[in-house]
Amino acid sequence: MEEKKRFIAIEAVLRTVDDPELPTVSVFDLGMIHEVVITGNHVAIQMVPTFIGCPALDFIERDVKQAVEAMDWVESCSVAFTFEEKWSTDNITDVAKERLKKHGISPPPENYQPGEEWTVDCPFCGSDYTSMENVFGPTACRSILYCIACKNPFEAMKPVVEYVYE
Amino acid sequence: MTAIESPKQALENQIYALALKDLLYQLADDDFLISFRGSEWLGLAPHVEEDVAFSSITQNTMGHAFLFYSLLEDLGAGDADKLAHARPAKERKNTVYAEKRNGDGSYLEDPYYDWALTVVRYFLYEVFKKVKLEAITNCSYRPLANVAKKVLMEQPYHLAHWRLWFQQLQEANEDAAARIQQRVEEAWRQFGDAFDLGPYGTEMQEAGLIADEETLWAAWFSEVQEVIQHMPAGPLEKQLGSGRFGEHTADLDHALHILSEVYNSDREAVW
Ligand SMILES: [Zn+2]
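## With respect to the overall build of chain B
Regarding its fold elements, chain B presents 12 helices and two strands. Traced from its N-terminal end to its C-terminal end, chain B shows the element sequence α-α-α-α-α-β-β-α-α-α-α-α-α-α. For chain B, whose C-alpha radius of gyration is 18 Å, the value lies close to the compact-globule estimate of 18 Å for 271 residues. For chain B, the C-alpha atoms occupy an extent of roughly 60 × 45 × 30 Å along the three principal directions. Out of the 271 residues belonging to chain B, those deemed buried represent 56%.

Right under this line is the structure:
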């Protein structure tokens, strides 16, 4: 039972560690936490990277480690990225999707199939009358779009899903 | 071939380890040089949206190179930064076509870079990268198979970008189409070494690491011919030599000199 409480406490902490490029969106809600192992007073966390070229990964690693080590019973925390698991935009939680919209970023489409045409609704007014301005945005995971209905530029997370072999 | 799960297991077989490392050097050096040439375009791309797109692709591709160097680091080849910055030209395994200068001039002074070369090079290279990684996704070395699958989830965005540029310029006007065609003909003379598997090619295949050269080439050919309107006759040639065997041009020395300048100014610096 004590064990279970510790896991719940760690999860609560991980919900407070934000992606440095997406304030208020936690690494937990982005679906980046793969596994948490507690051995005595040591915590080992395995994370899945979003985009490989993402320069924020080092900061995320540091922030997670610091946040978990700040818990009074934790002596040390190690964080490692694994490639055994593939991060997909399907891992993003509903909480994160709502928060992304508040930043003017549309969440990725649900049940996206590779190669499928990809439509994005405006995060501000919800209109689907939008145009893709640039698939590549300020970070590897985001694109730049424009809403013709409310005349606002906005961003959207690119769908990234498991690769399908022909 | 049974699956090899860890670096330790890979190092137990000397031939396997040699073949695996050579393949990793090819993958790492290709992405590293191609993204270095991409980085030289920063601020010079034809328009601002392209500047954002190209630098994003370049940054992500540099991330792919770093991953392949990290797999080498895990195999005891040395620190990833050092592998990227401090190896002499003769030890590099990238295709010579990736090291080719963007054009005349330099980044700081009169950069007369050629956009047609860039569009052709990146399109042909991204198709090649896709084909090669697909031939690796089920390979015997599990850590590499996992990385290949991960890279293939991101790379379709890069390939789609360059395919679109290629198609649009090819159909734009006579001048654009002629410039593209000229660079395609040039690529046919110089890109052949990309398909070489190098001195350990046979061992790579026996180790279940990758398909044979002919299979890679055929998959690449069928994909590019869907896009290129006037396919050059004849096979790809290796006019500039084969980078897989450590043969390189003066353009690589030029690239290594520039890209290692900061690294060499303070090799112990922590970033
Ligand atoms: Zn709108």
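## Some details on helix α10 (residues 213–224) of chain B
Residues and elements named next belong to chain B. The terminal C-alpha atoms of α10, which comprises 12 residues, lie 17 Å apart, in line with the 16 Å expected from a rise of 1.5 Å per residue. Those residues of α10 that are buried lie in contact with α6 (115–134), α7 (142–170) and α8 (174–190). Its side-chain oxygen 3.2 Å from the backbone nitrogen of glutamate 214, aspartate 212 forms the N-cap of α10.

## Some points on the coordination of the zinc ion
Residue and element names in this part refer to chain A. Around the zinc ion, the donor atoms from the protein are Cys122 (SG), Cys125 (SG), Cys147 (SG) and Cys150 (SG), and they sit 2.2 to 2.4 Å away. Classification of the site at the zinc ion as tetrahedral follows from its four donor atoms and the range of 105 to 114 degrees in their angles at the metal. One chain supplies every donor for the zinc ion, spaced along it as C-x2-C-x21-C-x2-C. Of this pair, cysteine 122 sits in the loop between β6 (105–106) and β7 (130–134) while cysteine 147 sits in strand β8 (residues 142–147), and the two are 25 residues apart along the sequence. You'll find cysteine 122 and cysteine 147 in the same group, each marked buried.

## Examining the side chain of aspartate 19 of chain A
All names here are of chain A. Topologically, aspartate 19 is positioned in strand β1 (residues 18–19). Among buried charged residues, aspartate 19 stands out as having no salt bridge; its nearest opposite-charge side chain is arginine 142, 6.5 Å away. In this structure, aspartate 19 is in contact with Val25, Val27, Leu30 and Ile60, ignoring residues within four places of it in sequence.

## Remarks on the sheet that holds strand β5 (residues 76–81) of chain A
All names here are of chain A. In space, the three strands of this open sheet follow the order β3-β4-β5, with mixed pairing throughout. A single partner strand is all that each edge strand has here, and the edge strands are β3 (33–39) and β5. Each strand axis lies, on average, 15 degrees off the axis of its neighbour in the sheet, ignoring direction. Taken together, the six bridges between β3 and strand β4 (residues 42–47) define a ladder with antiparallel strand orientation. Directly across from glutamate 35, in β4, lies its bridge partner glutamine 46.

## A few points about the pairing of β4 of chain A
Residues and elements named next belong to chain A. Burial along β4 is one-sided: Val43, Ile45 and Met47 are buried, while His42, Ala44 and Gln46, pointing the other way, are not. Counting the residues that bridge the hairpin from β3 to β4 gives two residues, and of these glycine 40 lies at a positive phi of roughly 60 degrees. Of the crossover connections in this fold, the one passing from β4 over helix α2 (residues 57–69) to the parallel β5 is right-handed.

## A look at the domain arrangement of chain A
Residue and element names in this part refer to chain A. By the assigned domains, chain A splits into domain 1 (3–81) and domain 2 (103–157). A C-alpha centroid distance of 28 Å is found between domain 1 and domain 2. Of the residues lining the interface, six residues belong to domain 1; the matching set on domain 2 comes to six residues. Its largest share of buried area at the contact with domain 2, domain 1 owes to Glu21, Leu22 and Phe51, together 69% of the area lost on that side. For the interface between domain 1 and domain 2, the tally reads zero salt bridges. Counting the contacts that link domain 1 with domain 2 gives two residue pairs in polar contact (both at pLDDT 80 or more).

Reading the values: the criteria
- Positions within a chain are numbered from 1, following the residues in the order the chain's sequence is written.
- Each chain takes a letter, starting from A, and each ligand takes a number, starting from 1, following the order in which they are written.
- Only residues with pLDDT of 70 or above have their local features reported here, since the model is predicted, and side-chain atom pairs are shown and tallied only from 80 upward, although totals for entire chains, interfaces and linings are computed over all residues.
- Only hydrogens and water are set aside when side-chain values are computed; all heavy atoms of the structure are taken into account.
- Elements are defined by DSSP. Helices are runs of H or I of four residues or more, strands are runs of E of two residues or more, and each kind is numbered from the N terminus.
- Taken over C-alpha atoms, the radius of gyration is set against a globule rule of 2.2 Å times the number of residues to the power 0.38.
- Summary of the burial criterion: residues with accessible area below 20% of their type's maximum are buried, those above 50% are exposed, and those between are partly exposed, where the area comes from a 1.4 Å probe applied to protein chains only.
- Helix span is expected to be 1.5 Å times the residue number reduced by one.
- Throughout, a residue-residue contact means that at least one pair of heavy atoms, one from each residue, lies within 4.5 Å.
- Polar contact criterion, stated in full: a pair of N or O atoms within 3.5 Å, where within protein one must be able to donate a hydrogen and the other to accept it, and residues adjacent in sequence count only if both atoms are side-chain atoms.
- Water is absent from the atoms considered, so a metal site may look incomplete; donors are defined as N, O and S atoms within 2.8 Å of the metal, or 3.2 Å for Na, K and Ca.
- Four donors are marked tetrahedral only if all angles between them lie between 85 and 135 degrees, whereas four are marked square planar and six octahedral if opposite donors are more than 155 degrees apart and the other angles lie between 65 and 115; the remainder are marked irregular.
- Asp and Glu are treated as the negative residues and Lys and Arg as the positive ones, with His and the ends of the chain left uncounted.
- Definition used for salt bridges: Asp or Glu carboxyl oxygen within 4 Å of a side-chain nitrogen of Lys or Arg.
- Strand pairing is defined by DSSP finding a minimum of two bridges between the two strands.
- To get an axis, a line is fitted to the C-alpha atoms, and for a helix only the part in contact is used. The angle between two axes follows their N-to-C directions and goes from 0 to 180 degrees.
- Crossover handedness is defined here as right-handed if the route from the first strand over the helix to the second strand goes clockwise, with the strands pointing away from the viewer.
- Marked domain ranges trace back to an automatic or database domain assignment.
- Buried area, as used here, totals the accessible surface that two parts lose on assembly, with accessibility defined by a 1.4 Å probe and the loss added over both.

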